[in-house]
Each structure stands twice: as structure tokens, then as C-alpha cells.
Amino acid sequence: MNVDSIQNGVVIDHITAGCGMRLYSLLGLGALDVSVALMKNASSKKMGRKDIIKIDADIAIDFDVIGYVDPGATVNIIKNGKLVEKRVILMPEKLTNVIRCKNPRCITSTEQELPHIFRLTDKERKEYRCIYCEAKAGR
Ligand code: ZN
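All of these numbers come straight from a predicted model, not from anything done at the bench.

## A word on the overall build of the protein chain
Okay, step 1: Along the protein chain, the regular secondary structure elements total three helices and eight strands.
Okay, step 2: Going residue by residue from the N terminus, the α and β elements of the protein chain occur as β-α-β-β-α-β-β-β-α-β-β.
Okay, step 3: C-alpha atoms of the protein chain, sized along the principal axes, occupy 50 × 30 × 25 Å.
Okay, step 4: In the protein chain, the proportion of contacts linking residues at least 24 apart, taken out of those at least 6 apart, comes to 58%.
Okay, step 5: With the model as given, the accessible surface of the protein chain reaches about 8,300 Å², and the carbon-plus-sulfur share is 48%.
Okay, step 6: Between the averaged position of the 22 positive side-chain charges in the protein chain and that of its 17 negative side-chain charges there is a distance of 5 Å.

In C-alpha cells, the structure reads:
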């Protein structure tokens, strides 16, 4: 895949250097049957270093996952070789089944069918807490 000329796909740009891999795994990109390129430590005028993820397929991206991992990232949607949408990503107020509560006493560890829901409790610190047991999400 030529990473510079995506015809139809998604480019996640301005990822904080070092966050690309985590984003890649939380978005489940490794499990998809599409071409994905993860570029680490690309040079950026604005940021010095950044990571970039290019997905050469028109797939639905969970913006909440991006907002959770790296709210400064931008998402470019490319159709027919043209940039059709540029999105600035914000921190989601709520995360459903993105991360799992690790508290062994949490109800989600015994009630397997419960969704894992976290709520943004501190925007400054990017802190999320489990809605059931209030445990902080591990970073
Ligand atoms: Zn919990």
C-alpha cells in the first residue's frame, strides 16, 4: 500500500508520539482484514514528533476510542482520493466497552453481560471512572 495516496480511507493524524500503538490496538485494527499503516515518530512542524495511522479502507472508526487515548488527534476521511472531512476529536463523556474495569470486586467482574462503562470525571487529568465501582481507569 502506498501510504501517501489513499483513495478511500481514514488517516488519523497528529497522534501524540508513542500513543499510536495503543490506539491501534484499542481500535482493533490488527483484527481487520484491511491495509493499515502505523507510522511512529513522524516529524511534525506543530508537535516535533507524532504518530500517524493510515487505514486504506472505508471503515467506521470509533471516535470515542481516539478521544480517550489521544484527544488532540485529528481524523481525515478520504474519499476518491480527496479529503472530504477533517474532524477534531474531543474527549468523550462516556466510554462503553472500550476499556475494562480491573477492580476484582466490581460487579462487572461477576456479571459478565454488563457493559463496561466509564465516565469522564476529570477533564484536566483525563480521568475516567467506572460507573459501577468508581475505580479509576488505568492508563
Ligand atoms: Zn468497576
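We are not done yet, so read on.
## Here's the deal with the coordination of the zinc ion
Okay, step 1: Those protein atoms acting as donors to the zinc ion are C101 (SG), C106 (SG), C130 (SG) and C133 (SG), and they sit at 2.3 Å.
Okay, step 2: Considering all four donor atoms around the zinc ion, the spread of angles at the metal, 102 to 114°, places the coordination shape in the tetrahedral class.
Okay, step 3: Going along the chain, you hit the donors of the zinc ion in the pattern C-x4-C-x23-C-x2-C.

## With respect to unusual backbone geometry
Negative phi is the rule for most residues except glycine; trans is the rule for most peptide bonds.
Okay, step 1: Not every positive phi belongs to a glycine, and H14 is a case in point at roughly 55°.
Okay, step 2: By secondary structure assignment, the location of H14 is in strand 1 (residues 9-16).
Okay, step 3: Residues other than glycine seldom take positive phi values, yet K126 does so here, at roughly 55°.
Okay, step 4: Considering the arrangement of structural elements, one finds K126 in the loop between strand 7 (117-122) and strand 8 (127-130).

## Considering the confidence of the model for the protein chain
Okay, step 1: Overall, the predicted model of the protein chain reaches an average pLDDT of 92, with 96% of residues at or above 70.
Okay, step 2: Averaged over each element, pLDDT in the protein chain is lowest for strand 5 (residues 82-88) (92) and highest for strand 7 (97).

## Digging into a nonpolar patch on the surface
Okay, step 1: On the surface, I107, I131 and Y132 cluster together to form a nonpolar patch covering roughly 230 Å² of accessible area.
Okay, step 2: Within the element layout of this structure, I131 appears in the segment after strand 8.
Okay, step 3: For I131, a relative accessible area of 34% translates into the label partly exposed.

## Topic: the pattern of salt bridges
Okay, step 1: As enumerated under the stated definition, the model contains five salt bridges in all.
Okay, step 2: Here K50 ties to D13 by a salt bridge, and the two come within 3.0 Å at their closest N and O atoms. Taken together, the residues K50 in strand 3 (residues 48-55) and D13 in strand 1 connect sequence positions 37 residues apart.
Okay, step 3: We classify K50 as buried; its relative accessible area is 10%.
Okay, step 4: We classify D13 as buried; its relative accessible area is 14%.
Okay, step 5: Salt-bridge contacts for D122 lead to R125; the nearest nitrogen and oxygen are separated by 3.5 Å.
Okay, step 6: In this structure, a network of salt bridges that share partners links the residues E127, R129 and K136.

## Observations concerning the side chain of T74
Okay, step 1: Assignment of secondary structure puts T74 in strand 4 (residues 74-79).
Okay, step 2: At 2.8 Å, the side chain of T74 forms a polar contact with the side chain of H14.
Okay, step 3: With sequence-adjacent residues up to four places away left out, T74 is seen in contact with V11, I12, D13, H14, R87 and V88.

Rules of the game
Residues numbered from 1 in each chain as written. Predicted model: local features only at pLDDT ≥ 70, side-chain atom pairs only at ≥ 80, totals over all residues. Heavy atoms only, no water. Helix = DSSP H or I, 4+ residues; strand = E, 2+ residues; numbered from the N terminus. Contact = heavy atoms within 4.5 Å. Areas by Shrake-Rupley, 256 points an atom, 1.4 Å probe, with all protein chains shown as cover. Lys, Arg positive; Asp, Glu negative; His and termini not counted. Charge placed at Lys NZ, Arg CZ, Asp CG, Glu CD. Donors = N, O, S within 2.8 Å, 3.2 Å for Na, K, Ca; no water. Tetrahedral: all angles 85-135°; square planar, octahedral: opposite > 155°, others 65-115°. pLDDT = per-residue confidence, 0-100. Patch = residues over 30% accessible without salt bridge, like charges linked within 9 Å, V, L, I, M, F, W, Y side chains within 5 Å. Salt bridge = Lys/Arg side-chain N within 4 Å of Asp/Glu carboxyl O. Buried < 20%, exposed > 50% of the residue type's maximum accessible area, 1.4 Å probe, protein only. Polar contact = N/O pair within 3.5 Å; in protein donor to acceptor, adjacent residues only side chain to side chain.

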